[in-house]
Amino acid sequence: MTNRPDQKDPVGEPSLVWHTRTPGPEWGEGLIVGSGRVGALAFGEIEALTVSLAHERFFLPANPHPHAPQIAPALDSLRDAVRAGDGEQAGELLTQAARAAGFDDGLIWTDPLGICATLQLHGAQGTLVRRVMDLAHGEARIEWDDVTGGRCTLALLAPRDGEEVWVRLDSERDLQLELELGLSAQKEAASITGAPSYFDVVRSTAAGGEQGHLVVSSRATADATDAADASDAADASGTAGTADAAVHAATTLRGREPWAETREAATLTSALRSGPGAPGMLQIAVEVSAPGGVHRQDGADEAARAPAAPESVNWEALRDRQASTHGELVRRSLLSLAGGSEPTTVEELWRAAHEGDAAARRRAVEVAYASGRANAISATGELPPTLQGVWQGTWSPAWSADFTMNGNVQNGGAASLIPTGTPELAQSLLRLVLPHLEDYRQNARRIYGAEGMLLPARMSNHGRANHFGRPFPHIFWTGGGGWVLRFAADIVATTGDRSVVDDQLWELVHGVLDFAETATVTTEDGQRHLIPSYSPENSPIPGGSPLVADATVDVAILRDAARCTWLLGEARGDHSLDERWARILEQLPPYRIAEDGSLAEWIGDLWPENHAHRHASQLYPLWYEADEAFVGTSEDAAQLRAAAARSISAKIDWRAEDPVAPPGRMEMAFGLVQLGMAAAALGDGESALRCAEWLALDHWTPSLTTTHDAGSIFNLDPSGGLPALVAAMLLGSGRETLNVLPALPAAWAAEGSVTGLRARGGIIIDRLEWDEAGGSITVRRPAEAAWLAPEGATRVQIGAPFQLADAAVAQDGLTLGDAPMTLRFHRTDMQ
């Protein structure tokens, strides 16, 4: 390879190339590359390396897809039990209604993200030198010293937005390898949630005409002095050999039968012979398609096709293209916190950070920010990241590796896409949700007897709300639709792109409103209530019934959906829904402060608080544009802010008592994102920092991948969540406001910078930097976003201890256009 991992990255950003000496024998410890649409995961011992391949649309057809249960006939009695505060009776009524509808007591799981194929390399022998993560090029490498003394390198790269994964093997000495294309994980127990074995399912699917395809092309090259022998070898194998190129073998493995049947046939032995001064090289192009081919957004069916011939591809050209596509997305937003000198390895950095080195702790957050964004970008294609992004190494993934919509997607894998410079990628969430509008209508009718749309808490390849049980009554969580509208509104608010609000999205807008009007219960005093309601995934009494009325998160999302609808209507030129939403807002119950002074998780006073839980959904009013009830100088607003701060403190204290993986309390990374985002909105930089550092130091691996719990369960939530949290600490915004450094912690105050953040009002932050004396922010508003600021000026606020240098801007606001404008500020405590 021409670019050694100990060299600085060619784009001049050494922080984007990291390496580890920690091996990755299991799939959850592997290196990852992803195009957005396909992903590859490299792991294993040197003697048996495995590259596991996945596709964003390949969800195993392993589980049934029934419509949502017919709960509506039992809804009146169920509501009576909830009103009486009898959660146990409500749970029993739900169980009876579900059984009557044909549902047993077990959860019906979403179809899980599956392995498309594996490529195994057998026969190498040696000692691991390092594993390299090149974030700017989306390239991963494993280097080892062969027993003969030569250096070997396995490199992976998945070109952005494509369906190919390129694998390259270099060896400085002759090397004999066996390559096996198939499904190496067949050795696992292949039963998923009581379904037939995966292999039976794949055969059945293929027989039904929906098989996918996998094509692998490979070649080995060496010094041109061996070209004649190489040509003979290629001709003998029945494939074309060339005398004018250094080709030892050119072999194509094709697996167009059902994947489970390609395993035995798709094997080749490849000899890498090194010439004088030149290493042997094997390049493999793997193309993966989901069953039935991939349907792009424009509806065109992408036919099965072979990848580009390896002879026509130069690895450095692949890297260059990646730098201008994948790398451009990664480099849009970079964070610097004066993290000190480069450590030798990732694990050495994390060790120093855990030992209390302040610079190392800042550096760890920098690296987590960059690698988290790179991971989320690599996993975002036509669809957003699943719980595991676009990577798979098991037939039985945790929580089906699906799209968990009650927080994981929005606070996790997709959380950073908008605020850290890639709002166009966030449209992947709309592409996931919008094809299933009829399922949402069925959910609303069957569960609540209502009109409109009810989105499920979990999705993979349908929108039916059928994943529930008595301990987890997900069918009564109603916030999914409004949360999607928040993402749509923020895409529009940060880009000015009116085309986002197409007919399909506007249909969802109508569906969310229709559901709010018809699924709520109106009492004699004119208030609307959500009965039953569910705060994911908590219960007022530990181990008790989670069925309540008016979960704070559901009420908050409805309040937010009204504001989102107004902006989406402005983009569409249609304000016909505003008056209906205004009536809903007038009738929703107000937020409640609990007896312990915290923000109540359930608005009704029948249910006590339960802070000993990983979720913090009641803090939704502070995650985006702060709910108006929390804003301003009124006593009520101040009390709500204080109550939210009390909730944050209680949750952090609970985690701090045992901050390790379960049975400890450091589980579910996105719960830390929820706490940190709310703290940032309140200007509490120290609490936000604690959450950010817990994420960076306890949920990152030496491979720069992330985990659901501290050091456990491969999961993309921290990858998307931490950058979103850091962005919220450094910048807040509304359509007409820009809040600079709202929650800068003392540990970061000496020096720092960030590039590429996006703010509502269509504002791009080219650069924000600060030091002990002051700093500056360079901003602009592209012409296509000018309509977002009809009054022209944006009010600029800056967090303590800073003050804007230009008093006129502080007084009158800032008028922005295409040309970048730099505002300066200074510290008030330095004068």
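Scroll up to find the structure.
This one's a predicted model, so the numbers in the text were calculated from it and none came from an experiment.

A count of helical and extended segments in the protein chain gives 20 helices and 32 strands. Looking at the 831 residues of the protein chain, the share that counts as buried comes to 62%. Across the protein chain, contacts joining residues at least 24 apart in sequence account for 71% of those joining residues at least 6 apart. Of the roughly 28,500 Å² of accessible surface on the protein chain, 48% is carried by carbon and sulfur atoms.

On to the sheet that holds strand β25 (residues 737-740). Spatially, β24-β25-β29-β31 is the arrangement adopted by the four strands of the open sheet, whose pairing is mixed. The sheet is open, and its two edges are formed by β24 (731-733) and β31 (814-815), each paired on a single side. Judged from the three bridges that link them, β24 and β25 form a sheet pairing that is antiparallel. Bridge pairing in β25 places Leu731 opposite Val740. Each of β24 and β25 touches helix α19 (residues 717-730); the most contacted strand, β24, lies at about 80° to it.

The subject of this paragraph is the sheet that holds strand β26 (residues 751-759). Pairing within the open sheet is antiparallel, and its six strands lie in the order β17-β26-β27-β28-β32-β30. With partners counted over all chains shown, the strands left at the sheet margins are β17 (335-336) and β30 (802-804), one partner each. Direction of pairing for β17 relative to β26: antiparallel, over a ladder of two bridges. When the sheet's bridge partners are listed, Ser336 is paired in β26 with Ser753. The strands touched by α19 are β17, β26 and β27 (763-771); relative to β26, the strand with the most contacts, the crossing angle is about 100°.

A few words on the side chain of Glu537. Its place among the elements puts Glu537 in the loop between β21 (528-529) and α14 (552-572). With residues near it in sequence (within four places) discarded, Glu537 still touches Asn406, Phe472, His474, His613, Arg614 and His615.

Our focus in this paragraph is the pairing of β25. Covered by surrounding structure in β25 are Leu738 and Val740 only, the residues Thr737 and Asn739 on the alternate face being uncovered. Counting the residues that bridge the hairpin from β24 to β25 gives three residues. As paired strands, β25 and strand β29 (residues 793-798) are joined by four bridges and run parallel to one another. Its bridge partner being in β29, Val740 is matched across the sheet by Ile798.

Bringing the pattern of salt bridges into the picture now. This model, assessed by the stated rule, comprises 41 salt bridges. Ionic pairing is found between Glu366 and Arg363, a salt bridge with its closest N-O pair at 2.3 Å. Taken as a pair, Glu366 and Arg363 lie in helix α8 (residues 358-378) at a separation of three residues, close to a single helical turn. Both residues of the pair, Glu366 and Arg363, belong to the buried class.

Glancing now at the nonpolar core. Judged by nonpolar contacts, the single largest core of 223 residues is most densely connected at Phe476, Leu508, Trp581, Leu730 and Leu768. Considering each element in turn, this core owes the most residues, eleven residues, to α14. Counting residues in hydrophobic clusters, the runner-up holds nine residues, among them Ile32, Leu41, Trp391 and Phe714.

So, on to a negative patch on the surface. Residues Glu26, Glu29, Glu45 and Glu47 make up a contiguous surface patch of negative charge. Within the secondary structure, Glu26 sits in the loop between β1 (17-20) and β2 (31-34).

Counted at 1.5 Å a residue, the expected span for α14 with its 21 residues is 30 Å, and the 30 Å between its end C-alpha atoms agrees. The buried fraction of α14 is high, at 16 of 21 residues. Taken from the residues just after α14, Gly573 is the one with a positive phi, measuring 75°.

This paragraph deals with the environment of Val740. With respect to the helices, strands and loops of the structure, Val740 is situated in strand β25. The exposure class assigned to Val740 is buried, which follows from its relative accessible area of 2%. Along the backbone, Val740 and Val796 are 56 residues apart, and their C-alpha atoms lie at a distance of 7.4 Å.

Between its first and last C-alpha atoms helix α12 (residues 480-495) spans 23 Å; for 16 residues at 1.5 Å apiece the expected length is 22 Å, and the two agree. Taken across its 16 residues, α12 has 16 buried, putting it largely inside the fold. The positive-phi residue at the C-terminal boundary of α12 is Gly496, with phi of around 75°.

Once that is clear, we can look at the packing of helix α1 (residues 75-83) against helix α2 (residues 87-100). The contact between α1 and α2 brings their axes to 8 Å, and the two run at 165°. On the basis of their axis angle, the class for α1 and α2 is roughly antiparallel. Helix-helix and strand crossings are classified by hand; for α1 and α2 the assignment is left-handed. Every residue of α2 that contacts α1 at Ser77, Leu78, Ala81 and Val82 is listed here: Gln89, Ala90, Leu93 and Leu94.

Along the chain, Ile531 connects to Pro532 via a cis peptide bond; the corresponding omega equals -10°. You can see Pro532 is positioned in the loop between β21 and α14. That bond from Pro662 to Pro663 is cis: its omega, 15°, falls within 30 degrees of zero. Its place among the elements puts Pro663 in the loop between α16 (635-656) and α17 (669-681). Look at Met668: it is not a glycine, yet its phi comes out positive at around 60°. Topologically, Met668 is positioned in the loop between α16 and α17. The phi dihedral of Leu704 is positive, around 65°, even though this residue is not glycine. Within the secondary structure, Leu704 sits in the loop between α18 (685-698) and β22 (707-709).

Here we take up the side chain of Thr494. Note that Thr494 resides in helix α12. The exposure class assigned to Thr494 is buried, which follows from its relative accessible area of 3%. Ignoring anything within four residues of it in the chain, the contact list for Thr494 reads Ile418, Pro423, Arg758, Ala759, Arg760, Gly762 and Ile763.

Its place among the elements puts Arg563 in helix α14. For Arg563, a relative accessible area of 27% gives the class partly exposed. For Arg563, the side chain forms a polar contact with the main-chain oxygen of Ala626, separated by 3.4 Å.

Turning to the packing of helix α7 (residues 346-354) against α18, a few remarks are in order. Across the interface, α7 lies against α18 with an axial gap of 10 Å and an inter-helix angle of 140°. Between α7 and α18, the angle falls in the class oblique. As α7 runs across α18, the sense of the crossing is left-handed. Residues Trp350, Ala353 and His354 of α7 touch α18, and the partners they reach there are Ala696, Leu697 and Asp698. Class assignment of the residues belonging to the contact of α7 with α18 gives a composition of four nonpolar, one polar and one charged.

Attention now goes to the packing of aromatic side chains. The full count for this structure, using the stated rule, is twelve aromatic pairs. Each ring, one from Phe802 and one from Phe825, has its centre 5.2 Å from the other, and the planes form 75°; the classification is edge-to-face. Here the residue Phe802 occupies a position in strand β30, and Phe825 occupies one in strand β32 (residues 821-827), the gap between them amounting to 23 residues. Overall, Phe825 belongs to the buried group, its relative accessible area being 4%. One aromatic cluster in this structure is built from Trp477, Trp483, Tyr620, Trp623 and Tyr624. For Arg498, the ring lying beneath its charged end belongs to Trp787, and the centroid distance is 4.1 Å.

About the criteria used
The written sequence of each chain sets the order in which its residues are numbered from 1. Since the coordinates come from a predicted model, pLDDT governs what is reported: local features require at least 70, and pairs of side-chain atoms require 80 or more to be given and counted, while whole-chain, interface and lining totals use all residues. Side-chain measures were taken over the full set of non-hydrogen atoms in the model, leaving aside hydrogen atoms and water. Think of it this way: any DSSP run of H or I at least four residues long counts as a helix, any run of E at least two long counts as a strand, and we number them from the N terminus. Between buried and exposed lies partly exposed: a residue is buried under 20% and exposed over 50% of the maximum accessible area for its type, with that area taken using a 1.4 Å probe on protein chains only. Contacts: residue pairs with any heavy atoms within 4.5 Å of one another. Values of accessible area rely on a 1.4 Å probe in the Shrake-Rupley scheme; residue burial ignores everything except the protein chains shown. Following DSSP output, two strands are said to pair if at least two bridges run between them. Here an axis means a line fitted to C-alpha atoms, over the contact stretch when the element is a helix, while the angle between two N-to-C directions is reported on a 0 to 180 degree scale. Definition used for salt bridges: Asp or Glu carboxyl oxygen within 4 Å of a side-chain nitrogen of Lys or Arg. Only buried residues count toward a nonpolar core. Its members are Ala, Val, Leu, Ile, Met, Phe, Trp, Tyr and Cys residues joined through side-chain atoms within 4.5 Å. A patch consists of residues whose relative accessible area exceeds 30% and which take part in no salt bridge; residues with like charges are grouped when within 9 Å of each other, and nonpolar side chains (Val, Leu, Ile, Met, Phe, Trp, Tyr) when within 5 Å. In this charge count, Lys and Arg are treated as positive and Asp and Glu as negative; neither His nor the chain ends contribute. Taken as the charge location is NZ of Lys, CZ of Arg, CG of Asp or CD of Glu. The span you would expect from a helix comes to 1.5 Å times its residue count less one. Put simply, angles under 35 degrees are roughly parallel, angles over 145 are roughly antiparallel, angles from 65 to 115 are roughly perpendicular, and the rest are oblique. Two helices that cross are described as forming a left-handed crossing if the nearer one is turned anticlockwise from the farther one by less than a right angle, and a right-handed crossing if clockwise. Polar contacts, as counted here, are pairs of nitrogen or oxygen atoms within 3.5 Å of one another; within protein the pair requires one atom able to donate a hydrogen and one able to accept it, and residues that are adjacent in sequence qualify only if both atoms are side-chain atoms. Any residue outside Ala, Val, Leu, Ile, Met, Phe, Trp, Tyr, Cys, Pro, Asp, Glu, Lys and Arg is labelled polar, Gly included; the first ten of those are nonpolar and the last four are charged. Working definition: a ring pair exists when centres of Phe, Tyr or Trp rings (six-membered ring for Trp) sit within 6.5 Å. Plane angles under 30 degrees give stacked, over 60 give edge-to-face, the rest tilted. The criterion for a charge sitting over a ring is simple: Lys NZ or Arg CZ within 6 Å of the ring centre, and within 35 degrees of the ring normal.

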